[in-house]
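Chain and residue survey
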Amino acid sequence: MTKAKAKTITIANQKGGTGKTTSAYNLAHALSQENKKVLLVDFDPQGNLSLCFGIEQPDQLAISMCNVLDALMSDHPLPAEQDYIHHQDNIDLIPSNIELSVTEINLRDEMGSEKTLANLLEPMKERYDFILIDTNPSLGLLTINALAASDSVLIPVNPQLWSATGLTQLLNIIVKVKKRINPRIAIEGILMTMCDTRTNLYKEAFKLVQDYYGGIVRIFASQIPLSVKVGEANFYSQSLLTYQPKSKVTGAYQSLAKELLQHEHA
């Protein structure tokens with residue numbers, strides 16, 4: 001019996017400060033705890049996911065995502081995988097750095113450029129259970145590439161920054177990608193992050209999210225609490241599951257992984 005191909009999930013929101021990178025990294029570790037093999041794709045020129053992974057100076061990497069995409073676009077042989085895929089237990093990472101912003105400019109002139117990332121990831125899918133793509137806070141060509149390569153989109157929403165118009169823009173882009181580029185893409189769900197459930201701001205924002213989108217998009221039961229532990233773990237390049245295994249925020253990411261897996265088998 002052949003192994004099922006990886007499910008590819010883009011973590012996207014054009015707003016900054018919604019916890020995309022933290023969610024990608026810690027969800028990967030929570031899925032790894034469930035014996036899943038995960039590939040993380042840092043698709044943000046800021047390289048924050050690469051920093052979380054323990055790559056201290058992403059901008060000094062000899063080979064990163066931009067080099068691999070440039071090779072694909074110019075029909076040159078790809079670098080050897082051992083030169084750009086980094087390993088950590090059951091999790092692999094393709095890192096990025098500021099040079100990816102130059103690649104985004106070059107993508108504009110490339111025929112079929114929205115499929116470049118998909119072309120890279122497709123041959124890798126048989127080796128993983130999940131591929132998680134961390135995107136930059138914009139709706140530019142990098143995000144379009146990520147959506148074109150994905151089966152679904154997980155949308156982190158910070159109730160302190162929530163905006164109905166911002167989320168509607170993202171959902172409209174996903175609909176366009178589904179119609180024109182990638183018919184299989186679906187919305188995995190909305191993940192509430194940085195939640196201080198005691199505040200009126202959280203309660204009102206969560207109610208608005210439910211009212212606007214509860215009927216059309218899944219809102220994960222798992223919610224990520226606001227916690228200083230997140231910043232501390234990121235500073236030490238550790239997952240929350242390693243840094244603070246008993247914390248509420250760790251438990252929330254473990255619950256999210258279980259929720260994702262249950263949905264897969266439903």
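Quick note: structure is the one above.
Everything numeric here is computed off the predicted structure, so don't read it as measured data.

The next thing to look at is the nonpolar core. Ranked by size, the top nonpolar core spans 34 residues in total, and within it L27, L31, V38, L40, L132 and L154 carry the most contacts. For this core, the leading source of residues is helix α11 (residues 248–265), giving seven residues. Counting 25 residues, the second largest nonpolar core, distinct from the first, contains Y128, I131, L142 and A146.

Right, let's talk about the sheet that holds strand β5 (residues 130–135) for a bit. The mixed open sheet is built from seven strands, whose spatial order is β3-β4-β2-β5-β1-β6-β7. Each edge of the sheet is formed by a strand with only one pairing partner; in this case those strands are β3 (86–88) and β7 (186–192). Sheet twist, expressed as the average angle between the axes of neighbouring strands with direction ignored, equals 20 degrees.

As a further point, take empty space enclosed by the protein. Taken as a whole and assessed by the stated rule, the structure comprises one cavity of 30 Å³ or more. The space that makes up the largest cavity amounts to roughly 50 Å³. Class assignment for the residues of the lining of the largest cavity results in four nonpolar, five polar and one charged.

The next subject is the side chain of T103. Along the polypeptide, T103 turns up in helix α4 (residues 100–107). Take T103: its relative accessible area is 1%, and that puts it in the buried class. A polar contact is formed between the side chain of T103 and the side chain of D70, at a distance of 3.4 Å. In this structure, T103 is in contact with C66, L69, D70 and M73, ignoring residues within four places of it in sequence.

The contact between helix α3 (residues 65–73) and α4 brings their axes to 8 Å, and the two run at 25 degrees. Considering the angle they form, α3 stands roughly parallel to α4. The element α3 and its partner α4 pack so that their crossing is left-handed. Across from M65, C66, L69, D70 and M73 in α3, the residues of α4 making contact are L100, T103, N106 and L107. When its residues are assigned to classes, the contact of α3 with α4 shows six nonpolar, two polar and one charged.

Regular strands show a simple pattern: their side chains alternate between the two faces of the sheet. Along strand β2 (residues 38–43), six of the six residues are buried, which leaves the element largely enclosed by surrounding structure. The alternating pattern of β2 places V38, L40 and D42 on one face and L39, V41 and F43 on the opposite face, and all of these are buried. Pairing geometry for β2 and strand β4 (residues 91–94), over four bridges, is parallel. Its bridge partner lying in β4, L39 is registered against D92. Here β2 pairs with β5 via six bridges, running parallel. Its bridge partner lying in β5, F43 is registered against T135.

Quick notes on the rules
Residues numbered from 1 in each chain as written. Predicted model: local features only at pLDDT ≥ 70, side-chain atom pairs only at ≥ 80, totals over all residues. Heavy atoms only, no water. Core = buried A, V, L, I, M, F, W, Y, C linked by side-chain atoms within 4.5 Å. Buried < 20%, exposed > 50% of the residue type's maximum accessible area, 1.4 Å probe, protein only. Helix = DSSP H or I, 4+ residues; strand = E, 2+ residues; numbered from the N terminus. Pairing = 2+ DSSP bridges. Axes fitted to C-alpha atoms, helices over the stretch in contact; angles between N-to-C directions. 1 Å grid on protein atoms, 1.4 Å probe; cavity = no way out; pocket = protein on both sides within 12 Å on 5 of 7 lines; lining within 4 Å. Points joined across faces, edges and corners; volume = space filled by probe spheres on them. Nonpolar A, V, L, I, M, F, W, Y, C, P; charged D, E, K, R; others polar. Polar contact = N/O pair within 3.5 Å; in protein donor to acceptor, adjacent residues only side chain to side chain. Contact = heavy atoms within 4.5 Å. Parallel < 35°, antiparallel > 145°, perpendicular 65-115°, else oblique. Left-handed = near helix turned anticlockwise from the far one by under 90°.

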